[in-house]
Amino acid sequence: MSAPTKPKVSEREARQVAEAAREQDWRKPSFAKELFLGRFRLDLIHPHPLPSTEDAQRGEEFLAKLRDFCETKVDGAQIERDARIPDAVIDGLKELGALGMKIDTKYGGLGLTQVYYNKALALTGSASPAIGALLSAHQSIGVPQPLKLFGTQEQKDTFLPRLARTDISAFLLTEPDVGSDPARLATTAVPDGDDYILDGVKLWTTNGVVADLLVVMARVPRSEGHKGGITAFVVESSSPGITVENRNAFMGLRGLENGVTRFHQVRVPAANRIGPEGSGLKIALTTLNTGRLSLPAMCAGAGKWCLKIAREWTAVREQWGKPVAHHEAVGAKISFIAATTFALEAVLDLSSQMADENRNDIRIEAALAKLYGSEMAWLMADELVQIRGGRGFETADSLAARGERAVPAEQLLRDLRINRIFEGSTEIMHLLIAREAVDAHLAVAGDIIDPDKSLGDKARAGAHATAFYARWLPKLVAGPGQLPRSYAEFHPRGHADLSAHLRYVERAARKLARSTFYAMSRWQGRMETKQGFLGRIVDIGAELFAMSAACVRAELLRTTGDHGREAYQLADAFCRQSRIRVEELFGRLWNNTDDLDRTVVKGVLAGTYTWLEEGVIDASDDGPWIADATPGPSRRENVHRPIR
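Residues numbered from 1 in each chain as written. Predicted model: local features only at pLDDT ≥ 70, side-chain atom pairs only at ≥ 80, totals over all residues. Heavy atoms only, no water.

## Overview of the overall build of the protein chain
Within the protein chain, the regular secondary structure consists of 23 helices and 10 strands. Expected size for 644 residues packed as a compact globule is a radius of gyration near 26 Å; at 25 Å, the protein chain falls within 12% of this value. Along the first, second and third principal axes, the C-alpha atoms of the protein chain reach 75 × 75 × 65 Å. Looking at the protein chain alone, contacts between residues at least 24 apart form 77% of all its contacts between residues at least 6 apart. About 29400 Å² of surface is accessible on the protein chain, with carbon and sulfur atoms providing 54% of the total. (Helix = DSSP H or I, 4+ residues; strand = E, 2+ residues; numbered from the N terminus. Rg over C-alpha atoms; globule rule 2.2 N^0.38 Å. Contact = heavy atoms within 4.5 Å. Areas by Shrake-Rupley, 256 points an atom, 1.4 Å probe, with all protein chains shown as cover.)

## Details of the layout of surface pockets
Which parts of space are left empty comes out when a probe the size of a water molecule is rolled across the atoms. For the second largest pocket, the calculated volume is near 730 Å³. Along the walls of the second largest pocket sit 27 residues, with Glu345, Asp349, Arg553, Leu557 and Asp562 positioned nearest its centre. Elements represented by at least two residues in the lining of the second largest pocket include exactly helix 6 (114-127), helix 11 (294-316), helix 12 (328-357), helix 21 (531-559) and helix 22 (564-590). For the lining of the second largest pocket, the element with the highest residue contribution is helix 12, accounting for 6 residues. Tallied by class, residues from the lining of the second largest pocket come to 13 nonpolar, 5 polar and 9 charged. (1 Å grid on protein atoms, 1.4 Å probe; cavity = no way out; pocket = protein on both sides within 12 Å on 5 of 7 lines; lining within 4 Å. Points joined across faces, edges and corners; volume = space filled by probe spheres on them. Nonpolar A, V, L, I, M, F, W, Y, C, P; charged D, E, K, R; others polar.)

## Some remarks on the pattern of salt bridges
Taken as a whole and judged by the stated rule, the model has 43 salt bridges. Between Asp43 and Arg41 there is a salt bridge, with its nearest N and O atoms 2.8 Å apart. The salt bridge partner of Arg553 is Glu345, with a shortest N-O separation of 3.5 Å. Of the two residues, Arg553 is situated in helix 21 and Glu345 in helix 12; the sequence distance between them amounts to 208 residues. Look at Glu345 and you get buried, because its relative accessible area is 16%. Look at the salt bridges and you will find they share partners, linking Arg84, Asp87, Arg247, Glu257 and Arg641 into a network. (Salt bridge = Lys/Arg side-chain N within 4 Å of Asp/Glu carboxyl O. Buried < 20%, exposed > 50% of the residue type's maximum accessible area, 1.4 Å probe, protein only.)

## Side note on the state of the cysteines
Going through the model one piece at a time under the given rule, you end up with 0 disulfides. The thiol of Cys70 is not disulfide-bonded; the next cysteine sulfur, from Cys299, is found 18 Å away. Look at Cys70 and you get buried, because its relative accessible area is 9%. Between Cys306, a cysteine without a disulfide, and Cys299, which holds the nearest cysteine sulfur, the sulfur-to-sulfur distance is 10 Å. (Disulfide = S-S within 2.5 Å.)

## Examining the pairing of strand 2 (residues 188-192)
In terms of strand pairing, strand 2 meets strand 3 (residues 195-206) through 5 bridges, oriented antiparallel. Looking across to strand 3, one finds that Ala189 is bridged to Leu198. (Pairing = 2+ DSSP bridges.)

## Quick look at the packing of aromatic side chains
In the structure shown here, the tally under the stated rule is 13 aromatic pairs. Measuring from centroid to centroid gives 6.0 Å for Phe31 and Phe40, while their planes differ by 65°, and the two rings are edge-to-face. Considered together, Phe31 and Phe40 belong to a single accessibility category, that of buried residues. Ring geometry for Phe31 and Phe545: centres 6.0 Å apart, planes at 45°, overall tilted. Of this pair, Phe31 sits in helix 2 (residues 31-36) while Phe545 sits in helix 21; the two residues are 514 residues apart in sequence, bridging distant segments of the chain. Here Phe31 and Phe545 have matching classes, each one buried. An aromatic cluster is present here, built from Phe31, Phe40, Tyr487 and Phe545 joined pairwise through their rings. It is Arg388 that lies over the ring of Trp313; its NZ or CZ is 4.6 Å from the centre. (Phe/Tyr/Trp six-rings, centres within 6.5 Å; stacked < 30°, edge-to-face > 60°. Lys NZ or Arg CZ within 6 Å of the ring centre and 35° of its normal.)

## So, helix 13 (residues 363-388)
For helix 13, spanning 26 residues, the distance from its first C-alpha to its last is 38 Å, which sits close to the expected 38 Å at 1.5 Å a residue. One or two steps after helix 13, the chain reaches Gly389, where phi turns positive at roughly 65°. (Expected span 1.5 Å × (residues − 1).)

## Some thoughts on a nonpolar patch on the surface
Side chains of Leu596, Val600, Val601, Val604 and Leu605 sit close together on the surface and give an oily, nonpolar patch of about 470 Å² of accessible area. Topologically, Val600 is positioned in helix 23 (residues 594-606). (Patch = residues over 30% accessible without salt bridge, like charges linked within 9 Å, V, L, I, M, F, W, Y side chains within 5 Å.)

## Things to note about the nonpolar core
When a protein is soluble and globular, its nonpolar side chains tend to lie buried together. Met101, Leu368, Phe490, Leu544 and Phe574 are the most contacted members of the largest nonpolar core, which has 134 residues in total. At 16 residues, the largest contribution of residues to this core is made by helix 21. Once residues within four sequence positions are removed from consideration, Phe490 is found in contact with Leu42, His46, Ala496, Asp497, Leu498, Ser499, Leu502, Cys551, Val552, Glu555 and Tyr568. Within the second largest apolar cluster, 24 residues are counted, among which are Ile141, Leu163, Val215 and Leu288. (Core = buried A, V, L, I, M, F, W, Y, C linked by side-chain atoms within 4.5 Å.)

## Structural notes on the environment of Thr261
Its place among the elements puts Thr261 in strand 7 (residues 258-269). Sequence spacing of Thr261 and Ile168 is 93 residues, and the spatial spacing of their C-alpha atoms is 15 Å. A polar contact is formed between the side chain of Thr261 and the side chain of Thr205, at a distance of 3.4 Å. (Polar contact = N/O pair within 3.5 Å; in protein donor to acceptor, adjacent residues only side chain to side chain.)

## Points about the side chain of Arg388
Structurally, the position occupied by Arg388 is in helix 13. No salt bridge is formed by the buried Arg388; the nearest opposite charge belongs to Glu404, separated by 5.2 Å. Ignoring anything within four residues of it in the chain, the contact list for Arg388 reads Ile309, Trp313, Leu399, Arg405 and Val407. (Lys, Arg positive; Asp, Glu negative; His and termini not counted.)

## Considering the environment of Ile309
By secondary structure assignment, the location of Ile309 is in helix 11. Classification of Ile309 as buried rests on a relative accessible area of 4%. In this structure, the C-alpha to C-alpha distance between Ile309 and Leu384, residues 75 residues apart in sequence, is 8.0 Å. Sequence-distant contacts of Ile309, that is, excluding residues within four places in its chain, are made with Leu384, Arg388, Arg405 and Val407.

## Some points on the side chain of His501
Residue placement: His501 occurs in helix 20 (residues 499-523). Side chain to side chain, His501 and Arg579 meet in a polar contact 3.1 Å long. The contact partners of His501, leaving out residues within four places of it in the chain, are Met547, Cys551, Asp572, Cys575, Arg576 and Arg579.

## Regarding helix 12
For helix 12, built from 30 residues, the straight-helix expectation of 44 Å at 1.5 Å per residue is met to within 8% by its first-to-last C-alpha distance of 43 Å. Burial analysis of helix 12 places 22 of its 30 residues in the buried class, which makes it a mostly covered element. Positive backbone phi, at 60°, marks Asn358, one or two positions downstream of helix 12.

Shown next as structure tokens:
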């Protein structure tokens, strides 16, 4: 059989593949979607949804067992030193049922809600980020979730009991030359009787080194009786022809079992195909709708730890006659960490509970939670390192060796950095969320700016758009945010005034929608190339969502009598900080260096500024930028090590 060639894909074709994989319909309401359209639907998130008593009891019981296990059996410092999670720890997690947290009890899982699954990830991630990553990759994007959503009953009966107790899973999409552009996917699955034959190489396969079951995305060639397209398969990692060629090492998450996996003539039964041919990307994206919530869960956990260390350290460290916490420059950092941690947990819990209730479409909320959580957690960790000074830069082992408390602040910074890349980089998340945010506009006016549409199609689209905007635009002029008594229940006696912040969110949402409409009118078909503008639009929406979640959570805590006054203080501080960021982002929508940046980039690529690179030594070697991934038999040792 001849080696498959990499598909040659134009920019337009790549976009068409991504668009076809999108979930096209909005069958349920979405708070975030409405927010981007200038409609502040507080009723969709307030009163704050809550888990049932039964779900909460089951979740709390498991968290208690998991906490005891993490405190007594997990040595995070040892995992960092050895760059490996001990097999005994993984076996212990299996015995606890941690592999099956999200798997239904009828298959041997724990059947936890998204809320308690995320609490468990925050807990394990604080003990060891590598363990959090292992459990998340296994359940959030590994085999269990796509099977839950798209698998046949036979597949669920076959695989889920294994995945709940013994088998670790991994998700394989990325290739050495394919990242966020799946249209160029080169791994193939060629039909052969009742089987498919897999050939190709997958990169950055988290859990791939130790996995028992894999979700593999591969391209099925179109042929008679086969629709073809990118397709998802469950693959036994022990199948002949599979080689884990390398266990990758990174700046952080040193215990991560992430590798390079080669498939050579691997036979996979057609019964292991998930969904129909060509539905692989849609399955992947749908899986990530809630799967992305695992990362902000660990980010919220990181914020909690940053706050604890900042509080304890700045209370005992003195400079110029008083604890450093009382110096304004340091105090501002502590306030940022405390307020932002409160907001991250609010965003996470609200999004997770909405996912559990399944009344709302949370694809944008989950994406915003991932984007905002990964960016803000990194900033909080960076501020903690700054607060700790030289001790923040020093390793925990070095601190302990000279007699001080082993605080792994620099490790946290390294471990968190990947979250801005994992499961959709910040830049990709900006584009993904922006596409969903302007979906209503493209639905009514997309044909107008589509160069492939006929004049007749454009005329019909124009008439449709005129009718839509005639109804929509007038609603962006005024709203409840301009009425002094709006949202009065968020200003109870003796508490901070959160109603003013909600009025601000309502006004800002309308301004955001007006800005988006103006940009579409100005740039039309070129709008998709204005990535700087779109990123700022999304960042504003993320801040507004976080402010909304923080206020709603504060009111929930007040009405339940659980730290209500303090919650209002934190929500007030966060909203005031957030509003400053929002105003800056609004200003940068139209006052920026985007055009000049493009000019400079052209000069850099043309070699105009190579003189600026003189005077240094390039410490990297002369190997290829991208490793060869030509299909064929492996010439390397198989480093796959299933844990049994």
